[in-house]
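Report on the structure
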Amino acid sequence: MIDLDKIEWRDYQINLAKKALGKNCMIVLPTGLGKTVISLIVASSCLSKFDNGKALILSPTKPLVEQHSRFFKNSLKLDEDFIITLTGEIPPKKRVERWDNGRIIVSTPQVIENDLISKRINLRDVVHITFDEAHRAVGLYSYVYIAKRYIEEGSFVNILGITASPGSNVENIEEICKNLFIDEIVIKGENDPDILPYTHKRSIQWIRLDLSDEIKDIKKLLDDLIYERMDDLKSLGLINSHYKDLTKKEIISLQKSVRSSLLNNPSNDLFFAVSILAEILKVKHAVELIETQGISTFNRYLDRLMVEGRSKGGSKAAKRIILDPRFNKVLELSKNINKENKKIIEIKKILSDRFNSTPDSRVIIFANYRDTVDIIVKSIEELENVKPVKFVGQAKKENDKGLTQKEQVKILEGFRNGDYNVLVATSVAEEGLDIPATDLVIFYEPVPSEIRSIQRKGRTARRRYGEVIFLITKNTQDEVYYWISMNKEKKMRNIGTLNNKQDYNDHRRQKKVLEYFKDDERIKVIVDHRELRSNVAKALENKGVSIDVKTLEVGDYIVSDRTCLERKTTHDLLDSLFSKNRGFFEQLINLKSSYDRPVLLIEGSDLYTIRNVSPNAIRGLLSSIVLDFNIPILMSTDYNDSAELIYSMAEREQKKEKRTPVVHSGKTKKTLKERQEYIVSSLPNIGLSTAKSLLSHFGSIRSIFNADKEELMDVENIGEKTAKEIRYIIDKEYQSSSSE
């Protein structure tokens, strides 16, 4: 199937592919050494054994999906119509058509996960899956769910994970192997004998810079502000005398501990501590910015802090900080610094020298913050021969709408073709980009992650000699992060080869258990398609629930014809307190008007501590929901707990009450048939199926209401007790002040 003229055959790739064909394997190979070629060999080998088999190539972003799709189309003799691409931009119906017709499917994992949960596709005919950037297969990432489904459903299973770095923590690597059902992980380095002939020399340079006196003055004021708040924590008994050594990570851990204590022992001291810790984190972030990013990025952060502190819905932490005299002094000093950032000066010098000596050079500058990316681009765009472009993610930030995936693909193509020669990027450019001509990578600041550091450095020396330059401000977080990542890299290289033994039959047996139950005997829940992001649907499915994904106008989870749940996280609920529109309350009105027994499900155990909001304001909101809207509230700790509650209600409604899930809407008019069924299903102990039986038997609602007890009992599933209750409801005189 492979076009032999399109691939540069390398012995190590063939040997690694052979290993991956014999067992589920994760291959760790430095960037630029052909991990995708190994995937190509393994996938095409599996397909050659099965005429109707499919190979699934998963990659975390659309630019990577597009890149892999081009590579497979260019490298295989297979008709391009059989090599398809799936992303979230393609409507579900068209995705199903493509899936049915494709033999090689290149996709983002979220799309496959959603289509599996929605029962649009299955993995029975899949004979190979490649998990690109396999280090992501932890926690709730889509890779984990897809791998589990593949083990349960696949008639023939072959799994390949590929990554440039799985990390240095053995426990994390073992989790990845467990989640992807990996038998063996093979780690190859640039200095391995079989790899060495294909690698190119890469030099690493450190440029160490001093903080200016002006910035040192600002930093001292901020440090004093932090130390004073640390003294407050010490007086509360939360920290000891070595408080100055607490890191940002330790502060966050302490914050979680205090919030946990608040749940069991609410006190003014603990609420005060939560606010103090929030202040410390904000000021520590300011210190990190002025040390590592420079005055311009720092000033942008101060401006946002001022807006937050002055706004009505702003946090107490921000309000207290901006009222501190030292903060106002910091503002005054920072606005009067006119000197250009030393890192920017170095970047200008490096780029001028580079493009004067090597005009066809390609450079990537990595920075952690979008503000810094903007500043770098603006600072270098006037340099001779320099054609910079900003490359950031899709997410919208303050005054920054981000880049769509189409825009990202277009920029990378322009960088590859020479329309741009300097890519100024955030972390979105770290993974998998095929830009072989890059010969210089600049770290605006080091990162403490060995995975990200390896990926960034791997952008260069892929086809020729390359350079990596670290800009490090002396005696700051820059130096700390650099040595952290270096030590982790060294630890990763010493891991070597790991074996992982698992009993995959456990998962197949679990699937067999579900097959004993007929589909019409399983609990059913109708789920709004937007809820697929919450992991609740996956948890319900793991319990054997039959999930029906729809676009719901009202509610999130329908468990019967009368019961629908609206799910809100604690974040969502508190945001509704400060929302300018009344969307949340309109949701409640629609929920109440559409279902007889609506429920609000609040997920999270940090309702009173997640934000600095008055507990009385939260209690007032909850009271309004119960008393004004007459909607009961259920609380859950996390997505698993939410799934258990939903399952419990669905089981009660469907098994005990014999009711079935029905979509109602408070926004669109029901058909006559639906309205008739809805009216009859509101009678005691009458579900939708029994309502249909009654209407079919009697022909109209009037005839049902005129029927006596014995006539009602002639209908299937209507016993004497139910018939009596129906006649009681119909015949009982209405009393407006009844206490029943």
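Thresholds, definitions, all that
Residues numbered from 1 in each chain as written. Predicted model: local features only at pLDDT ≥ 70, side-chain atom pairs only at ≥ 80, totals over all residues. Heavy atoms only, no water. Helix = DSSP H or I, 4+ residues; strand = E, 2+ residues; numbered from the N terminus. Buried < 20%, exposed > 50% of the residue type's maximum accessible area, 1.4 Å probe, protein only. Contact = heavy atoms within 4.5 Å. Areas by Shrake-Rupley, 256 points an atom, 1.4 Å probe, with all protein chains shown as cover. Lys, Arg positive; Asp, Glu negative; His and termini not counted. Charge placed at Lys NZ, Arg CZ, Asp CG, Glu CD. Pairing = 2+ DSSP bridges. Axes fitted to C-alpha atoms, helices over the stretch in contact; angles between N-to-C directions. Expected span 1.5 Å × (residues − 1). Arc of directions from axis to C-beta. Parallel < 35°, antiparallel > 145°, perpendicular 65-115°, else oblique. Left-handed = near helix turned anticlockwise from the far one by under 90°. Salt bridge = Lys/Arg side-chain N within 4 Å of Asp/Glu carboxyl O. Patch = residues over 30% accessible without salt bridge, like charges linked within 9 Å, V, L, I, M, F, W, Y side chains within 5 Å. Phe/Tyr/Trp six-rings, centres within 6.5 Å; stacked < 30°, edge-to-face > 60°. Nonpolar A, V, L, I, M, F, W, Y, C, P; charged D, E, K, R; others polar.

Looking now at the overall build of the chain. A tally of helices and strands in the chain yields 29 helices and 20 strands. Projected onto its principal axes, the C-alpha positions of the chain cover 100 × 70 × 45 Å. Taking all 740 residues of the chain together, 53% fall into the buried category. When contacts within the chain are restricted to residue pairs at least 6 apart in sequence, those whose partners lie at least 24 apart make up 72%. Per element, the accessible surface of the chain, about 35300 Å² overall, is 48% carbon and sulfur. Averaging the positions of the 118 positive and the 109 negative side-chain charges in the chain gives two centres separated by 1 Å.

On to the environment of Val 287, then. With respect to the secondary-structure elements, Val 287 resides in helix H10 (residues 268–292). The buried category is assigned to Val 287, whose relative accessible area is 9%. As a C-alpha pair, Val 287 and Ser 165 span 122 residues in sequence and 31 Å in three-dimensional space. With sequence-adjacent residues up to four places away left out, Val 287 is seen in contact with Lys 219, Leu 222, Asp 223 and Ile 226.

The pairing of strands in a sheet comes from backbone hydrogen bonds and takes either a parallel or an antiparallel form. In spatial order, the strands read E8-E13-E12-E9-E11-E10; together these six strands make up an open sheet with parallel pairing. On the outer flanks of this sheet lie strand E8 (202–209) and strand E10 (388–391), each paired with one strand and no other. Strand-to-strand twist across the sheet, computed as the mean angle between neighbouring axes with direction ignored, equals 20°. Note: strand E12 (residues 440–443) against strand E13 (residues 466–473), four bridges, orientation parallel. By the bridge assignment for E13, Leu 440 is matched with Glu 467. Where helix H14 (residues 342–357) meets the sheet, its contacts fall on E8, strand E9 (363–366), strand E11 (422–425), E12 and E13, and the angle it forms with E13 comes to roughly 160°.

On to helix H18 (residues 477–493). Along its 17 residues, H18 runs 25 Å from first to last C-alpha, staying within 8% of the 24 Å computed at 1.5 Å per residue. Every buried residue of H18 is listed here: Asp 478, Glu 479, Tyr 481, Tyr 482, Ser 485, Met 486, Glu 489 and Met 492. In an axial view of H18, the angular spread of the buried residues amounts to 165°, which keeps them on one side of the axis. Away from its buried face by more than 90 degrees, H18 exposes Trp 483, Asn 487 and Lys 490.

Here we come to the pairing of strand E7 (residues 184–187). The two faces of the sheet receive side chains in turn, since in a regular strand these alternate between them. Of the two faces of E7, both are covered, the one formed by Glu 184 and Val 186 as well as the one formed by Ile 185 and Ile 187. Sheet topology places strand E1 (residues 25–28) next to E7; four bridges connect them, and they run parallel. Following the sheet pairing, Met 26 is matched in E7 by Ile 185.

This brings us to the packing of H14 against helix H15 (residues 370–380). When two helices pack together, you describe them by how their axes are tilted relative to each other and by the distance separating the axes. Orientation of H14 relative to H15, taken along the N-to-C sense of each, is 50°, at an axis distance of 10 Å. Considered as vectors, H14 and H15 are oriented oblique to each other. Relative to H15, H14 is oriented so that their crossing is right-handed. Seen from H14, the contacting residues are Ile 344, Ile 347, Lys 348 and Leu 351; seen from H15, they are Ile 375, Ile 376, Ser 379 and Ile 380.

Once that is clear, we can look at the pattern of salt bridges. Under the criterion given, the structure shown has 50 salt bridges. Between Asp 478 and Lys 343 there is a salt bridge, with the nearest N and O atoms lying 2.7 Å from each other. Taken together, the residues Asp 478 in helix H18 and Lys 343 in helix H14 connect sequence positions 135 residues apart. Like Asp 478, the residue Lys 343 is buried in the burial classification.

Right, let's talk about a negative patch on the surface for a bit. A cluster of like negative charges, contributed by Asp 708, Glu 710, Glu 711 and Asp 714, occupies part of the molecular surface. One can find Asp 708 in the loop between helix H27 (701–706) and helix H28 (709–713).

Moving on, we come to the packing of aromatic side chains. Enumeration over the complete set of coordinates arrives at 12 aromatic pairs. A centroid spacing of 6.5 Å and a plane angle of 55° characterise the contact between Phe 366 and Phe 443, whose relative ring orientation is tilted. Within this pair, whereas Phe 366 is found in strand E9, its partner Phe 443 is found in strand E12, the two being separated by 77 residues in sequence. The residues Phe 366 and Phe 443 share a single accessibility class, namely buried. An angle of 80° between the planes, with centres 5.1 Å apart, marks the rings of Tyr 482 and Trp 483 as edge-to-face. You can call Tyr 482 buried: its relative accessible area is 4%. Clustering of aromatic rings is evident, with ring pairs tying together Trp 206, Phe 366, Phe 443, Phe 470, Tyr 482 and Trp 483.

At a minimum axis distance of 9 Å, the contact between helix H1 (residues 11–22) and helix H2 (residues 35–49) shows a crossing angle of 45°. In terms of their interaxial angle, H1 and H2 are classed as oblique. The two elements H1 and H2 meet at a crossing, and its hand is right-handed. Between H1 and H2, the residues in contact are Gln 13, Ile 14, Leu 16, Ala 17, Ala 20 and Leu 21 and Val 37, Ile 38, Ile 41, Val 42, Ser 45 and Cys 46, respectively. Split by residue class, the contact of H1 with H2 holds 10 nonpolar, two polar and no charged.

This next bit is on unusual backbone geometry. Residue Lys 119 is not a glycine yet carries a positive backbone phi of 65°. Looking at the secondary structure, you find Lys 119 in the loop between helix H5 (109–117) and strand E5 (126–132). Classification of Lys 119 by relative accessible area gives partly exposed; the value is 43%. In this model, Phe 181 sits at a positive phi of 55°, which is unusual for a non-glycine residue. Relative to the assigned elements, Phe 181 resides in the loop between helix H7 (170–180) and E7.

Of all eight residues that make up E13, eight are buried, and the element is covered over most of its length. Here E13 shows no split at all, with Gly 466, Val 468, Phe 470 and Ile 472 on one side and Glu 467, Ile 469, Leu 471 and Thr 473 on the other all buried. Here E8 pairs with E13 via eight bridges, running parallel. Across the sheet, residue Ile 204 finds its bridge partner in E13, namely Val 468.

What is shown is where atoms sit, not what they do.
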